[in-house]
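Survey of secondary and tertiary structure
Spelled out, the chains give:
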Amino acid sequence: MRDDGQITRFDEKPVLDDWVNGGFFVYRWELFDFLADDDVLEGAPLERLAKDGQLMAFRHTGFWACMDTYKDALTLNELWVSGEPPWRVW
């Protein structure tokens, strides 16, 4: 990722000590021009978009945690109940 947020290469689940995608995607309708019927989004389409200079990202440096499991939900709920959840900025 360049300093301006442009993604120059996309690799699905590489092993590295770098930024990872852990959020949301926002697309223009033109994305469908990059998709074939059997494409997996995190494969060839994102690789082509990055190669073509059409993929951008936002570097979030604040708190982030996934909530994929029941254990994650319990942990995040405990943080909320503590009164000082790290994502609360108001």
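Here's a quick rundown of the structure.

Rules of the game
- Along each chain, the written sequence defines residue order, and numbers are assigned to residues from 1.
- Confidence filtering applies because this is a predicted model: local features only for residues at pLDDT of at least 70, side-chain atom pairs given and counted only at 80 or more, and all residues used for totals across whole chains, interfaces and linings.
- Hydrogens are left out, water is left out, and the side-chain values use all remaining heavy atoms of the structure.
- Residues enter patches when their relative accessible area tops 30% and they take part in no salt bridge; the joining distance is 9 Å for like charges and 5 Å for the nonpolar side chains Val, Leu, Ile, Met, Phe, Trp and Tyr.
- Per-residue and other accessible areas follow the Shrake-Rupley method at a 1.4 Å probe size, with only the shown protein chains counted as cover for residues.
- A pair is scored as a salt bridge if a Lys or Arg side-chain nitrogen falls within 4 Å of a carboxyl oxygen belonging to Asp or Glu.
- In DSSP terms, a helix is any run of H or I states spanning at least four residues, a strand is any run of E spanning at least two, and both are numbered starting from the N terminus.
- The rule is simple: take the accessible area with a 1.4 Å probe, protein chains only, and divide by the maximum for that residue type; under 20% is buried, over 50% is exposed, in between is partly exposed.
- Residues count as neighbours in contact if any of their non-hydrogen atoms are within 4.5 Å of one another.
- By arc we mean the arc of the directions from the helix axis to the C-beta atoms, nothing more.
- To define a nonpolar core, start from buried Ala, Val, Leu, Ile, Met, Phe, Trp, Tyr and Cys residues and group those joined through side-chain atoms within 4.5 Å.
- What counts as a ring pair is set by centres within 6.5 Å for rings of Phe, Tyr and Trp (its six-membered ring), and what kind of pair is set by the plane angle: stacked under 30 degrees, edge-to-face over 60, tilted for all other angles.

What about a nonpolar patch on the surface?
- A grouping of W80, V81, V89 and W90 is seen on the molecular surface, where their side chains present a nonpolar patch of about 570 Å² in accessible area.
- Within the fold, V81 resides in helix 2 (residues 70–81).
- Taking the relative accessible area as the measure of exposure, V81 reaches 70% and is therefore exposed.

Observations regarding the side chain of Q6
- With respect to the helices and strands, the residue Q6 is situated in the segment before helix 1 (44–51).
- With a relative accessible area of 14%, Q6 lands in the buried category.
- Those residues within four positions of Q6 in sequence are excluded, and the remaining contacts are M1, G53, L55 and M56.

Things to note about the environment of W19
- Structurally, W19 can be placed in the segment before helix 1.
- With a relative accessible area of 41%, W19 lands in the partly exposed category.
- Sequence spacing of W19 and M1 is 18 residues, and the spatial spacing of their C-alpha atoms is 8.3 Å.
- Those residues in contact with W19 that lie beyond four places of it in its chain are M1, R59, H60 and T61.

A closer look at helix 1
- Within the sequence span of helix 1, burial applies to P45, L46, L49 and A50. Angularly, the buried residues of helix 1 cover 130° about the axis, an arc narrow enough to put them on a single face.
- Once helix 1 ends, the next one or two residues include G53, with phi positive near 75°.

Topic: the nonpolar core
- Judged by nonpolar contacts, I7, F10, L31, F34, L46, L49, A50 and L55 together constitute the single largest core of eight residues.
- Leaving out residues up to four positions away in the same chain, L46 has contacts with F10, F25, Y27, L41 and L55.

Structural notes on the packing of aromatic side chains
- According to the stated counting rule, one finds five aromatic pairs in the structure shown.
- Aromatic side chains F25 and Y27 sit 5.4 Å apart centroid to centroid with 15° between the ring planes, which places their arrangement in the stacked category.
- Judged by relative accessible area, Y27 falls into the partly exposed class, the value being 31%.
- An aromatic cluster of three or more residues is present, and its members are F63, W80, W87 and W90.

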